[in-house]
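The lines below spell out each chain.
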Amino acid sequence: MKKYPKIGIRPTIDGRQGGVRESLEEKTMNLAKAVAELISTNLKNGDGSPVECVIADGTIGRVAESAACAEKFEREGVGSTITVTSCWCYGAETMDMNPYYPKAVWGFNGTERPGAVYLAAVLAGHAQKGLPAFGIYGHDVQDLDDNSIPADVAEKILRFARAAQAVATMRGKSYLSMGSVSMGIAGSIVNPDFFQEYLGMRNESVDLTEIIRRMTEGIYDKEEYAKAMAWTEKYCKVNEGEDFKNRPEKRKTREQKDADWEFIVKMMIIMRDLMQGNPKLREMGFKEEALGHNAIAAGFQGQRQWTDFYPNGDYPEALLNTSFDWNGIREAYVVATENDACNGVAMLFGHLLTNRAQIFSDVRTYWSPEAVKRVTGKELTGLAANGIIHLINSGATTLDGSGQSVDEAGNPVMKEPWNLTQADVDNCLKATTWYPADRDYFRGGGFSSNFLSKGGMPVTMMRLNLVKGLGPVLQIAEGWTVTIDPEIHEKLNMRTDPTWPTTWFVPRLCDKPAFKDVYSVMNNWGANHGAISYGHIGQDLITMASILRIPVCMHNVDDEKIFRPAAWNAFGMDKEGADYRACATYGPIYK
Ligand SMILES: C[C@H](O)[C@@H](O)[C@@H](O)C(=O)CO
Ligand SMILES: [Mn+2]
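Here the structure is a predicted model, which is why all the values come from computation and not from measurement.

1. Here's the deal with the packing of helix α6 (residues 192-199) against helix α12 (residues 341-354)
Remark: α6 packs on α12, axes separated minimally by 11 Å, with the N-to-C direction vectors making an angle of 25 degrees. Between α6 and α12, the interaxial angle falls into the category roughly parallel. In the packing of α6 onto α12, the handedness of the crossing is right-handed. Together, F194, F195 and L199 of α6 and A341, V345 and F349 of α12 make up the contact between the two elements. Among the residues making up the contact of α6 with α12, the classes are represented as six nonpolar, no polar and no charged.

Below, the structure is given as structure tokens:
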């Protein structure tokens, strides 16, 4: 099992002995235990383990107890804290002062003791000291003997904990660039200051010759390769598509294609080893290679130097991003095509918040209803009636994105790995055709995954952009995958890149300018790529972005659903402006 950060729970109390404190000890600790239970039974880490909480050894009434708690949390690997109280406490003495921990405070809404008064006081302290904290205060008064967590409080605790755990999980990890800048794509001009100062991450980089070296010198697990090759023969190669895209003179021979399959399977094993290491390599005597680069996310340049000569990375990228491979069902990796690190970060955000595989796509084409009518003679209907956005990238999209996994009611979903069934896996593989790569684009050949995402999935498209003079900004568009008339799809797909995977996307429209129509969403999108996560996770992304001090420049989440640190209120009543002003004032966490 991997090592994940824990969430520290801090039961704070009025320090007055001789009656007050004693009367509150049990209740305060019970509230802390209830919060720990809520988190550990509702939230999981990427490997399926419950998010673990650590409670202070005792209630915290005076500064010595704060300090003892802080020391315990550091020893225990805490990455964020939630302070819980039902009474008045001494804010500056009991508050969490760790500059790196995301923080929240739950002030019990009971009137026998001034828990809410402490909440307001300590949040003022957090604001005054430049340590913004989330404030959680239940809507309805609870009785003193009621140690339950009301639904509105639980929702905020879990929203904070999910985002805080994601932020803490990134800290200290690497983004690994395999290769460098791809075709001048801005997102693949990796900005190490952003990763270091905003995410607490390190940038690692390997030249792509390292993949060739390991192939040539046999620095990979041969037994696993044999297993992977057999699996690929059985589940992928059987779905090799007709080589219709390449002109006859550009088609590879059968022998060459067979060699490409072997090559791309080795690529995948080596790319994974580069990201996270492999103890098997140590047994083989490759101690250094066994270490890996501690990468929680990576990017593969691919285009163009590599793909001008070697088979492309679509197979390894697609399957690394998928929740299964020849070793069975497992946590998806995060691998950005074209080494678009900005999109890789957006994928990482979505993955850490949902524990699900993430789609990587070009935001390729906006199709108006009129244009569709003109080129196909047919009307877009239903959710697609106002126009659709074609999400498609050369073959490197998680197979989970096919929507072939289904819930109990048969609805298409993208699941956490622990909910995937073998039938889901089989159906995702069956729905995926592996077309010989388009050799006008990919001279070295290879294979591109192709599928059509099932409609009806709630999804959130995200993008992290870097703006000189401003810094990072996040874009969020909640919406749905849609199914369109097969004849319309056929015509639109054939004039796009029919050997690549397609997801038809419709954003949820609202009265905000960027969401006034489908065209505006694409027209306001900040780059060529989007990361697409299953579910409407805009609220979680907004909470997480505020912890990271990354302003959100575009989103279609209702204002009243926004949950940010209490101090953001001091920056004005307009949520968007306040977010920008707060992020600019606080600056990145790890600076
Ligand atoms: C056509 C280019 O080679 C593709 O890589 C292009 O569709 C992109 O994905 C650019 O992001
Ligand atoms: Mn692209």
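2. Some points on the confidence of the model for the protein chain
Counting all residues, the mean pLDDT for the protein chain is 98, and 100% of those residues have values of 70 or more. Quick note on the complex model: pTM equals 0.98, ipTM equals 0.98.

3. Thoughts on the UniProt feature "domain: L-fucose isomerase N-terminal-1" (unreviewed entry) in the protein chain
When the UniProt feature table is mapped onto this chain, "domain: L-fucose isomerase N-terminal-1" (unreviewed entry) is found at residues 4-172. Within residues 4-172, the helical portion is 44% and the strand portion 15%, while the C-alpha atoms at the span's ends are 11 Å from each other.

4. Regarding the nonpolar core
I9, I39, I82, W106, I157, L199 and F349 are the most contacted members of the largest nonpolar core, which has 71 residues in total. Of all the elements, helix α5 (residues 151-170) adds the most residues to this core, at eleven residues.

5. Considering the pairing of strand β4 (residues 103-107)
Among the five residues in β4, five count as buried, and that is most of the element. Of the two faces of β4, the one holding K103, V105 and G107 and the one holding A104 and W106 are both buried throughout. Alignment of β4 against strand β5 (residues 134-136), held across three bridges, turns out to be parallel. By the bridge assignment, W106 is partnered in β5 with I136. Assessed by its sense of winding, the connection that carries the chain from β4 through helix α4 (residues 115-128) to β5 is right-handed.

6. Focus: the site of ligand 1
Surveying the vicinity of ligand 1 reveals the residues M183, I185, Q303, E338, D362, N393, Y441, W500, N528 and H529. Between an oxygen atom of ligand 1 and a side-chain N or O atom of D362, the distance comes to 2.9 Å. Within the side chain of N393, a nitrogen or oxygen atom sits 3.2 Å from an oxygen atom of ligand 1. Looking at side-chain class alone, the shell around ligand 1 contains four nonpolar, four polar and two charged residues.

7. Some points on the sheet that holds strand β2 (residues 53-55)
Pairing in this open sheet of five strands is parallel, and the strands run β2-β1-β3-β4-β5 from one edge to the other. A strand with exactly one partner marks an edge of an open sheet, and here the two such strands are β2 and β5. Going across the sheet, the axis of each strand differs from the next one's by a mean of 20 degrees, ignoring polarity. Bridge count between strand β1 (residues 6-11) and strand β3 (residues 78-85): six bridges; the pairing is parallel. Paired with K6 across the two strands is V78, which belongs to β3. Taken strand by strand, helix α1 (residues 20-42) contacts β1, β2, β3 and β4, and its axis lies near 160 degrees from that of β1.

Here is what the cut-offs are and how they apply
- Each chain has its residues counted from 1, following the order in which its sequence is written.
- Just so you know, chain letters begin at A and ligand numbers begin at 1, following the order they were written in.
- Selection of residues for local features in this predicted model requires a pLDDT of at least 70, selection of side-chain atom pairs for listing and counting requires 80 or more, and totals for whole chains, interfaces and linings are taken over all residues.
- Note: side-chain values were computed over all heavy atoms of the structure, leaving out hydrogens and water.
- Throughout, an axis means a line fitted to C-alpha atoms (over the contacting stretch in the case of helices), and angles, computed between N-to-C directions, take values from 0 to 180 degrees.
- Strands here mean DSSP runs of E at least two residues long; helices mean DSSP runs of H or I at least four residues long; both are numbered from the N terminus.
- Roughly parallel means an angle under 35 degrees; roughly antiparallel, over 145; roughly perpendicular, 65 to 115; everything else is oblique.
- A crossing counts as left-handed when the near helix is turned anticlockwise from the far one by less than a right angle, and as right-handed when that turn is clockwise.
- For this analysis, residues touch if any pair of their heavy atoms sits within 4.5 Å.
- For this scheme, ten residues count as nonpolar: Ala, Val, Leu, Ile, Met, Phe, Trp, Tyr, Cys and Pro. Four count as charged, namely Asp, Glu, Lys and Arg, and the remainder, Gly too, count as polar.
- For every residue, the pLDDT score states the predictor's confidence, bounded by 0 at the bottom and 100 at the top.
- UniProt positions are given in the numbering used here, feature names are shortened, and annotations may be inferred rather than shown by experiment.
- In this text, buried Ala, Val, Leu, Ile, Met, Phe, Trp, Tyr and Cys residues form a nonpolar core when linked through side-chain atoms within 4.5 Å.
- The rule is simple: take the accessible area with a 1.4 Å probe, protein chains only, and divide by the maximum for that residue type; under 20% is buried, over 50% is exposed, in between is partly exposed.
- In short, DSSP must find at least two bridges between two strands for them to pair.
- A clockwise course of the path from the first strand over the helix to the second, judged with the strands pointing away from the viewer, identifies a crossover as right-handed.
- Note on terminology: near, applied to a residue and a molecule or strand, indicates that one of the residue's heavy atoms is within 4 Å of it.
- Polar contact is defined as a pair of N or O atoms within 3.5 Å, subject to the rule that within protein one atom must be able to donate a hydrogen and the other to accept it, and that residues adjacent in sequence are counted only when both atoms are side-chain atoms.

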